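These are the residues of each chain, in order.
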Amino acid sequence: MRKLMFAGLAVATLMGAAGAASVSSAQPVVVERYGHWDNTWGHAPPPPMHRWHRWRGHEADWYGHVHNCMVRYHGYDARRDMYREGHRWVACAD
C-alpha cells in the first residue's frame, strides 16, 4: 500500500511541476513598436503622428529619436517633434 501511495505522490508532484513550468514559460510577448523606452527617462511619448511621412517605415526608431532630442534640447515637445529656440519652434532632426 505504501508503494502505491508513494508512486501516486511522485506522479502528482511531477504533474504539478510540469504544470507550473508550462505556466511560467508562457510569458507575454512585448512588442516595442516604437523602439525601447526606459521609464527612467520619464513618461513614454505619444506615437508619431500619422501625417509625419518621414516616420513611416521607421517607427522602431521613434523612442530613440525622442530621447536624443530630449537630452539635446530641453524645450523639446514630443507631440510636435520640435523644440523652442527663442520665440520660434524648430524641428528636431537628430
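You'll find the structure just up there.
As for the pattern of salt bridges
Working step 1: All told, the structure shown has three salt bridges when counted by the stated rule.
Working step 2: In this structure, Arg80 and Asp77 form a salt bridge, with 3.7 Å as the shortest nitrogen-oxygen distance.
Working step 3: Between Arg88 and Glu85 there is a salt bridge, with its nearest N and O atoms 2.7 Å apart.
Working step 4: Overlapping salt bridges, with partners in common, bring together Asp77, Arg79 and Arg80 in one network.

A look at the sheet that holds strand S3 (residues 88-91)
Working step 1: Taking strand neighbours across the sheet as the criterion, the three strands line up as S1-S2-S3 in an open arrangement whose pairing is antiparallel. Two strands lie at the open edges of the sheet, namely strand S1 (76-77) and S3, each paired on one side alone.

Criteria and cut-off values
Residues numbered from 1 in each chain as written. Predicted model: local features only at pLDDT ≥ 70, side-chain atom pairs only at ≥ 80, totals over all residues. Heavy atoms only, no water. Salt bridge = Lys/Arg side-chain N within 4 Å of Asp/Glu carboxyl O. Pairing = 2+ DSSP bridges. Helix = DSSP H or I, 4+ residues; strand = E, 2+ residues; numbered from the N terminus.

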